[in-house]
Amino acid sequence: MRHSTTNVPSVPIRVVALTVAACVASPASAATGAGRTEPAAGDVRADSVAALHREGEVMYAAQDYAGARNAWVDAYERIESTPETWPYRATLLSLVVTAALAEFAGNGRNDRIAEVVSLVEAARATPDLDPEVAGLLDQEWARLEPHIPPEEPDPVPVPVPVPEPDPEPEPEPEPPLPAPVLVEPPPEPEPAPPPRGGPPAAWIGGGAVVMAGGIAAIIVGTQFEPRAIDLVTGTNDSTSMPPGSTFIERERDKGRGWIIGGSVATALGTAALVTGIVLLVRRRR
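If you're wondering where the values come from, they're calculated on a predicted model, not measured in any experiment. (Residues numbered from 1 in each chain as written. Predicted model: local features only at pLDDT ≥ 70, side-chain atom pairs only at ≥ 80, totals over all residues. Heavy atoms only, no water.)

**Details of the overall build of the protein**
At step 1: The helix and strand tally for the protein stands at nine helices and zero strands.
At step 2: Here the contacts in the protein between residues at least 6 apart in sequence split such that 72% fall between residues at least 24 apart.
At step 3: A total of about 19,600 Å² of accessible surface is found on the protein, and carbon and sulfur atoms cover 61% of it. (Helix = DSSP H or I, 4+ residues; strand = E, 2+ residues; numbered from the N terminus. Contact = heavy atoms within 4.5 Å. Areas by Shrake-Rupley, 256 points an atom, 1.4 Å probe, with all protein chains shown as cover.)

See below:
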């Protein structure tokens, strides 16, 4: 993965798919409760990470590379290290490297590069990393390697003068030996580059799940207003006068929220599904 100094790289589609799926599922949990519920501690932490991610994007777009790097490092350090979170953590590290390199290009200081090197080096030492995540971390290390500050050389000891011995008579030179013939070994073939774009199965599976969830959300959203009308009619209330009309309007707004969220999820799922099919066709050629 390579990033320019003007465009912030996007989060992988599987992270976007999970985020959209969570947004689609949230109205269902709200509809089953009698009243408003407080968010769980894990949701607050996820919100703070997402806010830091967006804050870093805004700072990067404003060319505040130091602020963007600090925001993304903060978001990275708040995420617990698990096999499920490592793809997103690796993406955040990629953003941190991009911001640090852009900052170095602007002021020429490599002290911040050293801090980012320590982060990437510690991440690469994590045991049992997914091969795709390990490959991404290796690519970021390759981007940092030309900018790693050189280590300080060991001090050179001062030689102690030694008295020179009396010169000995030089022996007669021996006849030169024939020069050996060197045979260069054949060059090793370069390894094939890893497939780009991620596994097609992940794109197809994730896209199908998100698209199905979006369609289900649209169907559920269309049922809010008819169900409200049936409830008002069943209680012999007027559908055009309060409180019956107010209840119907409120349920209609809920249904619109479901339909809008379902439409967004369906569009993203369709895009991911088409991308996976395109990748699968290209790799079978």
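After presenting the structure, the write-up continues.
**A closer look at the side chain of R69**
At step 1: Note that R69 resides in helix α3 (residues 65-78).
At step 2: Here the side chain of R69 touches N70 through a polar contact of 3.0 Å, side chain to side chain.
At step 3: Apart from residues no more than four positions distant in its own chain, R69 is found in contact with V96, A99, A100, E103, R112, E115 and V116. (Polar contact = N/O pair within 3.5 Å; in protein donor to acceptor, adjacent residues only side chain to side chain.)

**Re the packing of aromatic side chains**
At step 1: This model, assessed by the stated rule, comprises four aromatic pairs.
At step 2: Taking the centre distance of 5.9 Å and the plane angle of 35° together, the rings of Y60 and W72 count as tilted. Taken together, the residues span a long stretch of sequence, with Y60 in helix α2 (residues 41-61) and W72 in helix α3 at a distance of 12 residues.
At step 3: With a relative accessible area of 0%, W72 lands in the buried category.
At step 4: Lying over the aromatic face of Y76, R89 brings its terminal NZ or CZ to 4.1 Å of the ring centre.
At step 5: Here the guanidinium or amino end of R227 rests over the ring plane of F224, the centre of that ring lying 5.1 Å away. (Phe/Tyr/Trp six-rings, centres within 6.5 Å; stacked < 30°, edge-to-face > 60°. Buried < 20%, exposed > 50% of the residue type's maximum accessible area, 1.4 Å probe, protein only. Lys NZ or Arg CZ within 6 Å of the ring centre and 35° of its normal.)

**A look at the packing of helix α4 (residues 86-107) against helix α6 (residues 131-144)**
What describes two packed helices is the angle between their axes and the distance between those same axes.
At step 1: It is at 10 Å that the axes of α4 and α6 come closest, and there the two elements cross at 10°. As the angle between them shows, α4 and α6 are arranged roughly parallel. Note on element contacts: α6 touches α4 through V133, L136, L137, E140, R143 and L144, opposite W86, P87, A90, T91, L93, S94, V97, T98 and L101. (Axes fitted to C-alpha atoms, helices over the stretch in contact; angles between N-to-C directions. Parallel < 35°, antiparallel > 145°, perpendicular 65-115°, else oblique.)

**Quick look at the nonpolar core**
At step 1: Within the largest apolar cluster, 34 residues are counted, with the highest numbers of intra-cluster contacts made by W72, L92, L137 and L144.
At step 2: Those elements giving two or more residues to this core turn out to be α2, α3, α4, α5 (111-124) and α6.
At step 3: The element contributing the most residues to this core is α4, with 12 residues.
At step 4: Dropping the residues within four chain positions of it, L137 is found in contact with W86, A90, L93, V120, A123, R124 and L129. (Core = buried A, V, L, I, M, F, W, Y, C linked by side-chain atoms within 4.5 Å.)

**Quick word on unusual backbone geometry**
At step 1: Here the phi dihedral of Q63 falls at roughly 65°; this positive angle occurs in a residue that is not glycine.
At step 2: Mapped onto the elements, Q63 comes out in the loop between α2 and α3.
At step 3: We classify Q63 as exposed; its relative accessible area is 59%.
At step 4: Look at D128: it is not a glycine, yet its phi comes out positive at around 60°.

**Describing the packing of helix α8 (residues 224-234) against helix α9 (residues 244-283)**
At step 1: One can describe the packing of α8 onto α9 by two numbers: an axis separation of 8 Å at closest approach and a directional angle of 160°. Classified by the angle their axes make, α8 and α9 are roughly antiparallel. α9 is crossed by α8, and the crossing has right-handed handedness. In this structure, α8 contributes F224, E225, R227, A228, I229, L231 and V232 to the contact, and α9 contributes G244, F247, I248, E251, R252, K254, G255 and W258. (Left-handed = near helix turned anticlockwise from the far one by under 90°.)

**So, the confidence of the model for the protein**
At step 1: Here the protein shows a mean pLDDT of 75. Residues at 70 or above account for 72%.
At step 2: Mean pLDDT values over the elements of the protein span from 33, in helix α1 (residues 13-32), up to 92, in α3.
At step 3: Counting interchain partners and residues more than four positions distant, the pLDDT-below-50 stretch residues 9-44 has 25 contacts. (pLDDT = per-residue confidence, 0-100.)

**Focus: the environment of T275**
At step 1: Mapping T275 onto the fold places it in helix α9.
At step 2: Taking relative accessible area as the criterion, T275 reaches 30% and is therefore assigned partly exposed.
At step 3: Between the C-alpha atoms of T275 and P200, which are 75 residues apart in sequence, the distance is 7.8 Å.

**So, the pattern of salt bridges**
At step 1: Scanning the model with the defined rule gives nine salt bridges in all.
At step 2: For D74, the salt bridge is made with R78, and the minimal N-O distance between the two is 3.1 Å. With a gap of four residues between them, D74 and R78 both fall in helix α3, about one helical turn apart.
At step 3: Among the salt bridges present, the one from E225 reaches R252, with a minimum N-O distance of 2.9 Å. Note that E225 is positioned in helix α8 and R252 in helix α9, a separation of 27 residues in sequence.
At step 4: In this structure E225 comes out as partly exposed when scored by relative accessible area, which is 28%. (Salt bridge = Lys/Arg side-chain N within 4 Å of Asp/Glu carboxyl O.)

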